[in-house]
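Spelled out from the first residue to the last, the chains are:
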Amino acid sequence: MKLGTSQIREIALLVLYQQALNPELAPEACMTYVLENLDQLKQVVKYEEVDEEGLEALKDKEQFFEKQQQSPSKGNDFTAIDFEEGEELPPYLLQLVSGVLANQEAIDARLDQSISGKWSVKRLEKINLAILRLALYEMFYVAEDRVPKVVAVNEAIELAKRYSDDRSRRFINGVLSNTMEK
């Protein structure tokens, strides 16, 4: 399986999201589920196709949705990825998923310090929380020469553009910017 870093990051996000939705499942089961269903990411609901009431229903169900049409040139075309059982997974994918899960308590504590106002980690939508956890892991647990903090923030914003709304994207940008300054 040949994947770019952005694709690996996006798959890690989806695994972490599945884990947040199904905490009783082992991370390996979540990873297997995501990898076996990557082709379904092309059938994502777009904001433009849903009215306000329908959008809220999707958010309540924690469905994947994206704000805008993504072009295949962005490196997010998962239809070409053919995951076969027993195939070795990219080491960075395993590092991201296991690293976020192993350091989740410390990451959440750092997030709580960076979130202002009435928000807390417990009040965030699961997809936004997964994006923030992944970004903070890359910012503070991955070597700066591997992933500079600015790149981690930019990648998180790109993921928020794809899987969240504009308000959430701005919120994620603000939290990560605030975290970088501390």
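Rules used in this analysis
- Residues numbered from 1 in each chain as written.
- Predicted model: local features only at pLDDT ≥ 70, side-chain atom pairs only at ≥ 80, totals over all residues.
- Heavy atoms only, no water.
- UniProt positions renumbered as here; feature names shortened; annotations may be inferred.
- Helix = DSSP H or I, 4+ residues; strand = E, 2+ residues; numbered from the N terminus.
- Buried < 20%, exposed > 50% of the residue type's maximum accessible area, 1.4 Å probe, protein only.
- Contact = heavy atoms within 4.5 Å.
- Phe/Tyr/Trp six-rings, centres within 6.5 Å; stacked < 30°, edge-to-face > 60°.
- Lys NZ or Arg CZ within 6 Å of the ring centre and 35° of its normal.

If you look the protein chain up in an unreviewed UniProt entry, it shows as Transcription antitermination protein NusB from Aerococcus sanguinicola. Quoted verbatim from the Function (unreviewed entry) field of the UniProt record, the comment on the protein chain reads "Involved in transcription antitermination. Required for transcription of ribosomal RNA (rRNA) genes. Binds specifically to the boxA antiterminator sequence of the ribosomal RNA (rrn) operons." Quoted verbatim from the Sequence similarities (unreviewed entry) field of UniProt, the annotation for the protein chain is "Belongs to the NusB family."

Novice: Could you give an account of the side chain of Asp-108, with specific residues and numbers?
Specialist: When you line up the elements, Asp-108 lands in helix H5 (residues 104-114). Asp-108 gets classed as buried once you look at its relative accessible area, which sits at 14%. Residues in contact with Asp-108, not counting those within four places in the same chain, are Val-121, Leu-129 and Arg-133.

Novice: Provide a residue-level description of the packing of aromatic side chains, including the pertinent values.
Specialist: In the structure shown here, the tally under the stated rule is 1 aromatic pair. Measuring from centroid to centroid gives 5.4 Å for Tyr-137 and Tyr-141, while their planes differ by 5°, and the two rings are stacked. In this pair, Tyr-137 and Tyr-141 are both assigned in helix H6 (residues 126-141), 4 residues apart and thus about one turn of the helix distant. One cation-aromatic arrangement involves Arg-110 over Phe-140; the distance from NZ or CZ to the ring centre is 3.8 Å. Arg-146 extends its terminal NZ or CZ atom over the ring of Tyr-92, reaching a point 3.9 Å from the ring centre.

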